[in-house]
Amino acid sequence: MTVPPTPQTPVTVRVFTQRFSATARGARLARRLALHQLDTWGIPHGTEASDTVALIVAELAANAVTHGRVPGRDFELSLSLVTASVRVEVSDPHAGVRPPGPRAVRAPGPLDDAGRGLYLVDALAARWEVVDREPPPGKTVRAEVDVLNWLSPAGRPSCRPADQYAPSPGGETGRA
């Protein structure tokens, strides 16, 4: 007896990959292009999902520039949009000490000058990890943000940007 094939929902994976100079300007450009790419994929500027991914990209890119910089070598940003999440990967060529992974990041003290970047990533990402860069040398920090609640089945945003306000019935401006 032959079992008829079960219809499966197609999975669309969208990928954006770009190398940037290991400078503050490169880190800023990575964040801006990530926001533009998310908007192209149907996650508009100003939504919680867009803001979360932008913050994670900014922190990981800043870490790549600050701690993973090798003179003459770039860092790489890769974004992937899969069925229910956006995966952010930032790779740098520095083969030295790896940053702490999930559940190993300690909260920074109120007077600490550094240490807040991965703490924010740990708080905002649904999942994240530090892996060896392919191809070596270096490392990749990979973080995922769940966007199932922010995208409709058709891939259109299902929420309004966070900065949109509408007048309330009493005439005051408030969150829509």
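As the structure is a computational prediction, the values presented were derived from the model and not from experiment.

Colleague: What am I meant to see in the sheet that holds strand β5 (residues 139–146) here?
Modeller: In a beta sheet, neighbouring strands are held together by backbone hydrogen bonds and run either parallel or antiparallel to one another. Spatial ordering of the open sheet is given by β1-β2-β3-β5-β4, a layout of 5 strands whose pairing is antiparallel. Edge positions in the open sheet fall to β1 (14–20) and β4 (127–132), since each of these has one partner strand only. Strand-to-strand twist across the sheet, computed as the mean angle between neighbouring axes with direction ignored, equals 15 degrees. Relative to strand β2 (residues 75–81), helix α1 (residues 24–40) is tilted by about 15 degrees, and along the sheet it contacts β1, β2 and β3 (85–92). Packed onto the sheet, helix α2 (residues 48–67) meets β2, β3 and β5 and runs at close to 10 degrees relative to β3.

Colleague: Honestly, α2 in this entry has me stumped. Any pointers?
Modeller: Three- or four-residue spacings in an α-helix give side chains the same orientation, since the helix completes a turn every 3.6 residues. End to end, α2 covers 28 Å across 20 residues, agreeing with the expected 28 Å (1.5 Å per residue, within 8%). Where α2 is buried, its residues meet α1, β2, β3, α3 (117–124) and β5.

Colleague: Just checking my understanding: could you explain the packing of α2 against α3 for this structure?
Modeller: Two quantities define a packed helix pair, namely the angle between the axes and the distance from one axis to the other. Running from N to C, α2 and α3 cross one another at 150 degrees; their axes reach a closest spacing of 9 Å. For the element pair α2 / α3, the angle class is roughly antiparallel. When the axes of α2 and α3 are compared, the crossing they make is left-handed. Each of Thr52, Leu55, Ile56, Glu59, Leu60 and Asn63 in α2 lies in contact with α3, whose residues at this interface are Gly117, Leu118, Leu120, Val121 and Leu124. A per-class count over the contact of α2 with α3 returns 7 nonpolar, 3 polar and 1 charged.

Rules used in this analysis
- Residues numbered from 1 in each chain as written.
- Predicted model: local features only at pLDDT ≥ 70, side-chain atom pairs only at ≥ 80, totals over all residues.
- Heavy atoms only, no water.
- Pairing = 2+ DSSP bridges.
- Helix = DSSP H or I, 4+ residues; strand = E, 2+ residues; numbered from the N terminus.
- Axes fitted to C-alpha atoms, helices over the stretch in contact; angles between N-to-C directions.
- Contact = heavy atoms within 4.5 Å.
- Expected span 1.5 Å × (residues − 1).
- Parallel < 35°, antiparallel > 145°, perpendicular 65-115°, else oblique.
- Left-handed = near helix turned anticlockwise from the far one by under 90°.
- Nonpolar A, V, L, I, M, F, W, Y, C, P; charged D, E, K, R; others polar.

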